[in-house]
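Summary of the model geometry
So the chains spell out like this:
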Amino acid sequence: MITLIQKQEIIMAALNGKSQRAIAKEFRIGRNTIRRYMKQYYASREKLLATSTHTEDVPLLIQQVVEKPKYDTSSRTKTKLTPEVMQKI
């Protein structure tokens, strides 16, 4: 499992011009994972640039990308472990 620090290192390596193949080999993860991290980074970058007057704020962008996801679980219905559920499992 990739830690938040490793995710930050992956993004920084890609921004510094390291190839996805080299990063994948170094961290022993798939290139699709690297692409996903970079896609999240660039989406956050566009959002930040659209709402901010700063032209480049790389540390803030990377922090937003590597933070743990915030899920809204308030609308979920609770499910009990019943014999029917056990049977499906």
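Comments concerning the overall build of the protein
When helices and strands are tallied, the protein shows five helices and zero strands. A total of 89 residues make up the protein; the buried ones form 21% of that total. Carbon and sulfur atoms make up 53% of the accessible area of the protein, which amounts to about 7,400 Å² in all.

What about the packing of aromatic side chains?
Going through the model one piece at a time under the given rule, you end up with one aromatic pair. Judged by centre distance (5.1 Å) and plane angle (70 degrees), the rings of Tyr41 and Tyr42 are edge-to-face. For Tyr41, a relative accessible area of 2% corresponds to the buried category.

With respect to the pattern of salt bridges
All told, the structure shown has one salt bridge when counted by the stated rule. For Glu26, the salt bridge identified is with Lys18, shortest N-O distance 2.3 Å.

A short note on the side chain of Lys7
Tracing the backbone shows Lys7 in helix α1 (residues 4-15). Judged by relative accessible area, Lys7 falls into the buried class, the value being 11%. Side-chain polar atoms of Lys7 contact the side chain of Gln40, separated by 3.1 Å.

Side note on the confidence of the model for the protein
Parts of the model with low pLDDT should not have their predicted coordinates read in detail. In this model, the protein carries an average pLDDT of 81, and 78% of its residues clear a pLDDT of 70 or more. Mean pLDDT across the elements of the protein ranges from a minimum in helix α4 (residues 58-66), with 67, to a maximum in helix α2 (residues 20-27), with 94.

Some details on the packing of α2 against helix α3 (residues 31-51)
Running from N to C, α2 and α3 point in directions that differ by 110 degrees, and their axes come no closer than 9 Å. It follows from the interaxial angle that α2 and α3 lie roughly perpendicular. Here the hand of the crossing between α2 and α3 comes out right-handed. Contacts between α2 and α3 pair Gln20, Arg21, Ile23 and Ala24 from the former with Arg31, Ile34 and Arg35 from the latter. When grouped by side-chain class, the residues that make up the contact of α2 with α3 number three nonpolar, one polar and three charged.

Observations concerning the nonpolar core
Counting eleven residues, the largest nonpolar core consists of Ile10, Ile11, Ala13, Ile23, Ala24, Phe27, Ile29, Ile34, Tyr37, Met38 and Tyr41. Looking at this core, the elements with two or more residues in it are α1, α2 and α3. Among the elements that line this core, the one with the most residues is α3, at four residues. Those residues in contact with Phe27 that sit more than four places away from it in its chain are Gln6, Glu9 and Ile10.

The rules behind the values
- Residues numbered from 1 in each chain as written.
- Predicted model: local features only at pLDDT ≥ 70, side-chain atom pairs only at ≥ 80, totals over all residues.
- Heavy atoms only, no water.
- Helix = DSSP H or I, 4+ residues; strand = E, 2+ residues; numbered from the N terminus.
- Buried < 20%, exposed > 50% of the residue type's maximum accessible area, 1.4 Å probe, protein only.
- Areas by Shrake-Rupley, 256 points an atom, 1.4 Å probe, with all protein chains shown as cover.
- Phe/Tyr/Trp six-rings, centres within 6.5 Å; stacked < 30°, edge-to-face > 60°.
- Salt bridge = Lys/Arg side-chain N within 4 Å of Asp/Glu carboxyl O.
- Polar contact = N/O pair within 3.5 Å; in protein donor to acceptor, adjacent residues only side chain to side chain.
- pLDDT = per-residue confidence, 0-100.
- Axes fitted to C-alpha atoms, helices over the stretch in contact; angles between N-to-C directions.
- Parallel < 35°, antiparallel > 145°, perpendicular 65-115°, else oblique.
- Left-handed = near helix turned anticlockwise from the far one by under 90°.
- Contact = heavy atoms within 4.5 Å.
- Nonpolar A, V, L, I, M, F, W, Y, C, P; charged D, E, K, R; others polar.
- Core = buried A, V, L, I, M, F, W, Y, C linked by side-chain atoms within 4.5 Å.

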